[in-house]
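Notes for the structure review
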Amino acid sequence: GENVEQHPSTLSVQEGDSAVIKCTYSDSASNYFPWYKQELGKGPQLIIDIRSNVGEKKDQRIAVTLNKTAKHFSLHITETQPEDSAVYFCAASVGGGTGGFKTIFGAGTRLFVKA
Amino acid sequence: ETGVTQSPTHLIKTRGQQVTLRCSSQSGHNTVSWYQQALGQGPQFIFQYYREEENGRGNFPPRFSGLQFPNYSSELNVNALELDDSALYLCASSLLTGHYGYTFGSGTRLTVV
């Protein structure tokens, strides 16, 4: 089955710097890659996603890149702010056959943005 | 537009008991997925329901079961609770089944003692 690995587990940056989180996936049939942000006491919140027919997507300070050949995808946050501090999860979605759909999550990256 | 609501928010059960967790999906969403999140870990996929049928399942034993109702709300049932079942249980709804982003609830924190 699909396996998603995420690095680093913890990331500390200075306010205004960029942050990069990287993920790899195992199932080449995965074709949808969402990213979620989870704040303390809340459920994960979708912040950006990318589909397999696209190599890069940007939304203001957040961008995601996908390399299907290498099975890598990454989240880039520019001009980080203290309110970006949270746990970020990458995920890969696979399915559509008799087994239905599954979205598999990475283990998470705890991002600290120091003011 | 209402989001995903889960109940209860916290629950303490004894090993061997049974528990039912409830989820109301976001308005207009017809697919519900359930996840288990242990402390400091990523969410683990339990199963997904679409049009009242199970539409995908993760590596969880049969004592984890679910239901989806005609109004798209859902229940997660866990029988014969074990200590390792202690976790945050997250419900997520999406517009359709398939490759779409989820709207998550805030979860139910289950503690098994």
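Refer to the structure presented above.
The shown structure was predicted, so the numbers you read here are calculated from the model rather than taken from an experiment.

**A look at the nonpolar core**
One finds Trp-35, Phe-73, Leu-75, Tyr-88 and Leu-111 of chain A together with Phe-104 of chain B to be the most contacted residues of the largest nonpolar core, which totals 37 residues. Ranked by residues supplied to this core, first place goes to strand β9 (residues 86–97) of chain A with seven residues. In this structure Leu-75 of chain A touches Ala-19, Val-20, Ile-21, Trp-35, Ile-47, Ile-48, Ile-62, Ala-63 and Tyr-88 of chain A, once residues within four positions along its chain are discounted. Counting residues in hydrophobic clusters, the runner-up holds 19 residues, among them Val-4, Ile-46, Phe-64 and Val-112 of chain B.

**What to know about the state of the cysteines**
Here a disulfide denotes one covalent bond, and it connects the sulfur atoms of two cysteines. All names here are of chain B. On inspection of all chains with the given rule, the structure shows two disulfides over all chains. The disulfide partner of Cys-23 is Cys-91, and the gap between their sulfur atoms is 1.8 Å. Its torsion about the S-S bond being -60 degrees, the disulfide of Cys-23 and Cys-91 is classed as left-handed. Here Cys-23 is found in strand β3 (residues 19–24), whereas its partner Cys-91 is found in strand β9 (residues 87–94), with 68 residues between them in sequence. Residue classification places Cys-23 among the buried residues on the basis of a relative accessible area of 2%. On the basis of relative accessibility, which here comes to 0%, the residue Cys-91 falls in the buried class.

**Some words on the pattern of salt bridges**
Applying the stated criterion across every chain, the model contains eight salt bridges over all chains. In this structure, Asp-49 of chain A engages Lys-57 of chain A in a salt bridge whose closest nitrogen and oxygen atoms are separated by 2.8 Å. Note on Asp-49 of chain A: relative accessible area 16%, which makes it buried. A residue is classified by how much of its surface remains accessible, and Lys-57 of chain A, at 36% relative accessible area, is partly exposed. With its nearest N and O atoms 3.5 Å apart, the salt bridge here joins Arg-22 of chain B to Glu-75 of chain B. One end of the pair, Arg-22 of chain B, is in strand β3; the other, Glu-75 of chain B, is in strand β8 (residues 74–78), with 53 residues separating them in the sequence. Residue classification places Arg-22 of chain B among the partly exposed residues on the basis of a relative accessible area of 43%. Overlapping salt bridges, with partners in common, bring together Lys-37, Glu-39 and Lys-42 of chain A in one network.

What counts, and where the lines are drawn
- Residues numbered from 1 in each chain as written.
- Chains lettered and ligands numbered in written order.
- Predicted model: local features only at pLDDT ≥ 70, side-chain atom pairs only at ≥ 80, totals over all residues.
- Heavy atoms only, no water.
- Core = buried A, V, L, I, M, F, W, Y, C linked by side-chain atoms within 4.5 Å.
- Buried < 20%, exposed > 50% of the residue type's maximum accessible area, 1.4 Å probe, protein only.
- Helix = DSSP H or I, 4+ residues; strand = E, 2+ residues; numbered from the N terminus.
- Contact = heavy atoms within 4.5 Å.
- Disulfide = S-S within 2.5 Å.
- Salt bridge = Lys/Arg side-chain N within 4 Å of Asp/Glu carboxyl O.

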